[in-house]
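Structural overview
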Amino acid sequence: MKRVLVLLVAASMCCFGLASCSGSVPAADLPSSDVAAVTDTDLEASQAQEQEDVTVTVTDKTVTPKDYDQWIYSNYANFVFEITNHTDKDIQGIQGDLEIKDLFGETIMTVSCDFTGTTIPAGKTIRNDELSLECNEFVDSEVKVYNEDYKDLRFQYIVSQIVFTDGSVEEY
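Read on for an overview of the structure. Bear in mind that the values here come from a model prediction, so they are computed numbers and not experimental data.

1. A word on the overall build of the protein
For the protein, the count of helices and strands is two helices and ten strands. In the protein, which comprises 172 residues, the share counted as buried stands at 36%. For the protein, the proportion of contacts with a sequence separation of at least 24, taken over those separated by at least 6, is 69%. By element, 48% of the accessible surface of the protein is carried by carbon and sulfur atoms, the whole surface being about 9,900 Å².

2. Details of the sheet that holds strand β6 (residues 91-102)
Ordered in space as β7-β6-β9-β10, the four strands form an open sheet in which the pairing is antiparallel. Each having just a single partner strand, β7 (107-115) and β10 (169-171) make up the two edges of the open sheet. Across this sheet, the average inter-strand angle for adjacent strands is 25°, counted without regard to direction. Across three bridges, strand β9 (residues 153-164) lies against β10 in antiparallel orientation. Note that in β10 the partner of V163 across the bridge is V169.

3. Some thoughts on unusual backbone geometry
Positive phi is not limited to glycine here, since W71 has a value of about 65°. Mapping W71 onto the fold places it in the loop between β4 (54-64) and β5 (75-85).

4. As for the packing of aromatic side chains
Here a ring pair, both rings aromatic, is described through the centre-centre distance and the interplanar angle of the planes. Inspection of every chain in the model, using the stated rule, returns seven aromatic pairs. On the numbers, 6.2 Å between centres and 85° between planes, the contact of W71 with Y73 is edge-to-face. Residue W71 is classed as exposed on the basis of its relative accessible area, which comes to 67%. A connected cluster of aromatic rings, assembled from ring pairs, spans F79, F81, F115, Y150, F155 and Y157.

5. Points about helix α2 (residues 140-147)
Within the sequence span of α2, burial applies to S141, E142, V145 and Y146. Along α2, the residues classed as buried sweep out an arc of 135° about the axis, all on the same side. Across from the buried face of α2, at angles greater than 90 degrees, the exposed residues are D140 and N147. Turning to α2, the residues buried within the fold contact β4, β5, β6, β7, β8 (125-135) and β9.

6. Here we look at the environment of L133
Mapped onto the secondary structure, L133 falls in strand β8. For the pair L133 and F79, spaced 54 residues apart in the sequence, the C-alpha separation amounts to 8.1 Å.

7. Some points on the pairing of β5
Burial runs high along β5: nine of the eleven residues are buried. Where β4 and β5 come together, ten bridges link them in antiparallel fashion. Each bridged residue has a counterpart across the sheet, and for V54 the counterpart in β5 is N85. Note that β5 and β8 share nine bridges and pair antiparallel. Directly across from E82, in β8, lies its bridge partner R127.

Rules and cut-offs
Residues numbered from 1 in each chain as written. Predicted model: local features only at pLDDT ≥ 70, side-chain atom pairs only at ≥ 80, totals over all residues. Heavy atoms only, no water. Helix = DSSP H or I, 4+ residues; strand = E, 2+ residues; numbered from the N terminus. Buried < 20%, exposed > 50% of the residue type's maximum accessible area, 1.4 Å probe, protein only. Contact = heavy atoms within 4.5 Å. Areas by Shrake-Rupley, 256 points an atom, 1.4 Å probe, with all protein chains shown as cover. Pairing = 2+ DSSP bridges. Axes fitted to C-alpha atoms, helices over the stretch in contact; angles between N-to-C directions. Phe/Tyr/Trp six-rings, centres within 6.5 Å; stacked < 30°, edge-to-face > 60°. Arc of directions from axis to C-beta.

Encoded structure:
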């Protein structure tokens, strides 16, 4: 049985922002020709190639509660990423989607997330702790990500494009 995977946010999700990342567009807002369907075989082949080139892993999640005295007007979920470059070229930027799932594997939200501004040397791993999700208290999915412990969340980063310092681009 072939399952169809839609790499976009479900229509029920509202807008949200990730500092240094842009929000996803609900699939219902796109013309049907823009929704990409991928079979299991295609997805496995694509993910295998991504694994060969780069690995993006969320290693921790902390929270920053709103605090008006400190000029923090929203709750934030803060993420720590480890990014490993498995190629023989330095990476200038990575574009992709971060899927956040609950303990049971149900997708809570998907957010477009790009890593730029730091070169990732060939064969090396870097740590990025500068990305945070501003959590709107009226959006259930954002509240869930904010309230869940790191150990109860599952993350998958799906690479769509890698830009190397030599100007070459790899698309997935």
